[in-house]
Amino acid sequence: MNVNDKPNNSREQKEPRGRAESKEKFWRGLADFDDAPEARRFRENEFPYAAADIEAANAKQRIPGLSRRQVLKYMAASAALAGLTACTKLPTEKIVPYVRPPEEIVPGKPLFYATSMTFGGEGIGLLAESYMGRPTKIEGNPEHPGSVGHTDIWGQAATLDLYDPYRSQTVVHNGEIRAWDDFYAELRRMRGDWSVNQGAGVRILTENIISPTLGAQMRAFLAAFSQAKWHQWEPWSRDNTREGAKLAFGEYVHPVYHFENADVIVSLDADFLSMGPGHVRYTRDY
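Focus on the packing of aromatic side chains
Consideration 1: Scanning the entire structure with this criterion turns up twelve aromatic pairs.
Consideration 2: Ring centres of Trp194 and Phe225 lie 5.9 Å apart, and the angle between their planes is 80 degrees; on these two criteria the pair is classed as edge-to-face. Residue Trp194 is located in helix 8 (residues 180-197), and its partner Phe225 is located in the loop between helix 9 (212-224) and strand 7 (229-232); the two are separated by 31 residues in the primary sequence. Neither residue differs from the other here; Trp194 and Phe225 are each classed as buried.

This is the structure we're talking about:
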């Protein structure tokens, strides 16, 4: 044997012992890691890091610990009891078929009605889609000059108001449900008092009204009760626009824009594409 080979043999013998004495342990695959003590403890307890603290707290407070199965059992019982208490017996309703069914109503076939919606002091022409008397969709009326077949987000969301669960479905007085006859009787009594003092103290609050019929009714009411006051309010009004038009033209006028005659459009703090009279038409023209 060559003496020079001994140091090499010594190094070869020490390297395995050095790796065995190392504190670092390496695993070659998921199988080795799955059999590790840490992995086994993790499988045995769903919350391995908090289990010791929970057991110590329970032992200190002398509260018997609950297993996961018991917690799920109590949760299921609570949910079942909550469902039973929420059950309400609905009144019995009978389904009676048509004796003479309307010709225009066919199950599954929609009907379209021309209508309009007032918003911000303008009337937008719309088409309402209805299934057996229930409106389901709103679109613009292509024959209306204000919408020309288009609509905005407010028109699209208008049908949601009809099915709003918080919408009042009957007459309510001081939080109590009343009949329409009670409302008419109370209104006649109040009208008698208004006739004596000419409507003093009566205040009517509405949005901007553009309906000629409703406007005529309001003027007739104010003529009969001269001391009554009528207030119109909108969260977004056009008072500044009216005053600016009066400064420019000497009288209250309503501006109408013709974008087809413009080469450059400058808008200063005026969103003519999202709000204001004619904004649906202006969006299309723009």
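After presenting the structure, the write-up continues.
Some words on the sheet that holds strand 2 (residues 123-131)
Strand pairing in a sheet relies on backbone hydrogen bonds, with the paired strands running either antiparallel or parallel.
Consideration 1: Taken together, three strands build an open sheet; the order of strands is 1-2-3 and the sheet is antiparallel. Two strands bound the open sheet, and with one partner strand each, they are strand 1 (111-118) and strand 3 (134-140). When the angles between neighbouring strand axes are averaged without regard to direction, this sheet yields 35 degrees.
Consideration 2: Sheet topology note: the strand 2/strand 3 ladder contains six bridges and is antiparallel. Looking at the pairing, Tyr131 lines up with Arg134 of strand 3.

With respect to helix 9
Consideration 1: Its 13 residues place the ends of helix 9 18 Å apart at the C-alpha level, agreeing with the 18 Å of an ideal helix rising 1.5 Å per residue.
Consideration 2: Here helix 9 has its buried residues at Gly215, Met218 and Phe221. Looking straight down helix 9, one finds that the buried residues subtend no more than 120 degrees of arc, so they occupy a single side. Away from its buried face, by an angle of more than 90 degrees, helix 9 presents the exposed residues Pro212, Thr213, Arg219 and Ala223.
Consideration 3: In this structure, the buried side of helix 9 is in contact with helix 8, strand 6 (203-206) and strand 7.

About the criteria used
- Residues numbered from 1 in each chain as written.
- Predicted model: local features only at pLDDT ≥ 70, side-chain atom pairs only at ≥ 80, totals over all residues.
- Heavy atoms only, no water.
- Phe/Tyr/Trp six-rings, centres within 6.5 Å; stacked < 30°, edge-to-face > 60°.
- Helix = DSSP H or I, 4+ residues; strand = E, 2+ residues; numbered from the N terminus.
- Buried < 20%, exposed > 50% of the residue type's maximum accessible area, 1.4 Å probe, protein only.
- Pairing = 2+ DSSP bridges.
- Axes fitted to C-alpha atoms, helices over the stretch in contact; angles between N-to-C directions.
- Expected span 1.5 Å × (residues − 1).
- Arc of directions from axis to C-beta.
- Contact = heavy atoms within 4.5 Å.

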